[in-house]
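A look at the structure
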Amino acid sequence: MMDAKEIGARLRELRGDRSQQEVADALGLTAMAISSYERGERVPLDKIKIQLAEYYGKTVQEIFFTQA
């Protein structure tokens, strides 16, 4: 698995022009949780990894395990 900082950078890139609140609302999370994932402070739980992958139209593998 990539480290938390790399995952955070990838999540920020995938979010694009959407706000953290927009993503959080779509997934039933808080903007603070999205922020902490994007800053590399926390790595999402597996069920949230699946939600993020589905939301962004990617696989869990692409987001969390494949080096760019």
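Above this text you will find the structure in question.
Residues numbered from 1 in each chain as written. Predicted model: local features only at pLDDT ≥ 70, side-chain atom pairs only at ≥ 80, totals over all residues. Heavy atoms only, no water.

In this section: the packing of aromatic side chains. One pass over the structure, following the stated rule, counts one aromatic pair. Here the guanidinium or amino end of Lys49 rests over the ring plane of Phe64, the centre of that ring lying 5.5 Å away. (Phe/Tyr/Trp six-rings, centres within 6.5 Å; stacked < 30°, edge-to-face > 60°. Lys NZ or Arg CZ within 6 Å of the ring centre and 35° of its normal.)

Before going further, it helps to examine the environment of Gly40. In this fold, Gly40 is placed in the loop between helix H3 (31-38) and helix H4 (46-56). Counting along the chain gives 29 residues from Gly40 to Leu11, while the straight-line C-alpha distance between them is 9.6 Å. If we skip the residues at most four places from it in the chain, Gly40 touches Ala4, Lys5 and Gly8. (Helix = DSSP H or I, 4+ residues; strand = E, 2+ residues; numbered from the N terminus. Contact = heavy atoms within 4.5 Å.)

Evaluation of the coordinates by the stated rule reveals three salt bridges. Glu38 is the salt-bridge partner of Arg15, the closest N and O atoms lying 2.6 Å from each other. Of this pair, Arg15 sits in helix H1 (residues 4-15) while Glu38 sits in helix H3, placing them 23 residues apart in sequence. The exposure class assigned to Arg15 is buried, which follows from its relative accessible area of 15%. Note that Glu41 is salt-bridged to Arg39, the shortest N-O span being 2.7 Å. (Salt bridge = Lys/Arg side-chain N within 4 Å of Asp/Glu carboxyl O. Buried < 20%, exposed > 50% of the residue type's maximum accessible area, 1.4 Å probe, protein only.)

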